[in-house]
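This is what each chain is made of:
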Amino acid sequence: MPSQPPKGDFHVLSAASEVRTSVRDLFRRGLVIPAHPLALTEDRKLDERRQQALTRYYVDAGAGGLAVGVHTTQFAIHGTGLLPPVLELAARTAGEFEREIVLVAGATGPTSQAVAEAEMARLLGYHMVLLSPHRELDEDALIERARAVGEVLPVIGFYLQPAVGGRPLSRDFWTRLASVESVVGIKVAPFDRYRTLDVLHGVVRAGRAGEVALYTGNDDHILADLITAHRVVVDGREVEVEFVGGLLGQWAVWVRRAVELLQEAKLARGGDDAAVRRLLTLDGHLTDANAAIFDSANGFHGCIPGIHEVLRRQGLLEGRWCLDPHEDLSPGQLAEIDRIWAAYPWLRDDEFVADGLSRWLS
């Protein structure tokens, strides 16, 4: 069943409200958008204090947006009644800050559920919906679902890798999706270069290069995605497209550093050759770190607990607990996290977190 809006006081937008131009411009220019984890107590209840602390950390670190109710938040919240309070808490906490934060709500399920979740997100002040794939719908039905959700809020398409619930989608699908006027972005996260190119070609074929913002979700290829100017040839025309930012589970950790890396990637795309060389070196380090955190050796089984472990070490979370009591680190994963923790201290933002932790938890 789709989740219902929470009762009580929260920020409400009228049904006729449009996403402000400034928000769309921010999104199109490119942002660090962490995929927001779910903070739980040991008895697997929502830990509101630490959930708020995570949101404050992300915004203080310079993230330009938040994605809530997505894979990293644990898709299971869409069936437990946790979705409304988690969405509301993130929106309310982001409202503590003076600057504009782009709020992205994850929506899942068949069309009726996805539309209901988008309507709830709009009432809570969210600007866009990241629309997760649904395996029971064919490509035609997925396009119609995107159109229906787009009548409520602008849509970010999502190419999710099969290992964590996604499915292969054709190049034609991405052309058709990018042609939907309400689609303002695509999170490209198939962890596959061939399928990544399918999305790029689809956006160009739809004639919306530069209008549909491309965000990397390829946690195994983050920096290479961000510094590459792709020249796509379609019908004899050469069109340049680029990833403007990242909407990532990997960017749920070490966010201060992620903000710095995106700034440097923009310099690299602008012609700074020294920045290109630095980032290509760091790309291997970040990918190695991600392999440990996301548990690539075990089919990404320990992905979410791996993110939680990093946040636990920094004091932001109390433990690694997930909604599923059987979901924890895979054998050998903790040792791998120890290894990359020692190997790449320059990827971490420990000092920044230590300085702000008491304030975020207050």
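Please read all numbers here as calculations on a predicted model, not as lab measurements.

Caption draft 1: Region of interest: the packing of helix α2 (residues 48-60) against helix α3 (residues 83-94). Running from amino to carboxyl end, α2 crosses α3 at an angle of 50°, the nearest separation of the two axes being 9 Å. Between α2 and α3, the angle is such that the two are oblique. Considering the relative orientation of α2 and α3, their crossing is right-handed. The residues of α3 that touch α2, namely those facing Glu48, Gln51, Gln52, Thr55 and Arg56, are Val86, Leu89, Ala90, Arg92, Thr93 and Ala94. Taken together, the residues that form the contact of α2 with α3 break down as four nonpolar, four polar and three charged.

Caption draft 2: Layout of the pairing of strand β3 (residues 102-107). By the criterion of burial, β3 is predominantly enclosed, with six of the six residues buried. The alternating pattern of β3 places Val102, Val104 and Gly106 and Leu103, Ala105 and Ala107 on opposite faces, both of which are buried. One ladder, built from four bridges, connects strand β2 (residues 65-68) with β3; its direction is parallel. In the sheet register, Ala67 faces β3, and the bridge partner there is Val104. Running through α3, the crossover from β2 to the neighbouring parallel element β3 is right-handed. Strand direction decides the pairing type here: β3 and strand β4 (residues 128-131), joined by four bridges, are parallel.

Caption draft 3: Fine view of helix α10 (residues 273-294). Taking 1.5 Å per residue, 22 residues should reach 32 Å; α10 reaches 30 Å between its end C-alpha atoms and fits that length. Within the sequence span of α10, burial applies to Ala275, Leu279, Leu282, Asp283, Leu286, Ala289, Asn290, Ala292, Ile293 and Phe294. Considering only its buried residues, α10 is in contact with α8 (222-227), α9 (255-269), α11 (303-313) and α12 (333-343). Two or three places before Ala274, at the start of α10, stands the capping residue Asp272, its side-chain oxygen 3.1 Å from that residue's backbone nitrogen. Just downstream of α10 lies Asp295, where phi reads positive at about 60°.

Thresholds, definitions, all that
Residues numbered from 1 in each chain as written. Predicted model: local features only at pLDDT ≥ 70, side-chain atom pairs only at ≥ 80, totals over all residues. Heavy atoms only, no water. Axes fitted to C-alpha atoms, helices over the stretch in contact; angles between N-to-C directions. Helix = DSSP H or I, 4+ residues; strand = E, 2+ residues; numbered from the N terminus. Parallel < 35°, antiparallel > 145°, perpendicular 65-115°, else oblique. Left-handed = near helix turned anticlockwise from the far one by under 90°. Contact = heavy atoms within 4.5 Å. Nonpolar A, V, L, I, M, F, W, Y, C, P; charged D, E, K, R; others polar. Buried < 20%, exposed > 50% of the residue type's maximum accessible area, 1.4 Å probe, protein only. Pairing = 2+ DSSP bridges. Right-handed = clockwise from strand over helix to strand, strands pointing away. Expected span 1.5 Å × (residues − 1). Polar contact = N/O pair within 3.5 Å; in protein donor to acceptor, adjacent residues only side chain to side chain.

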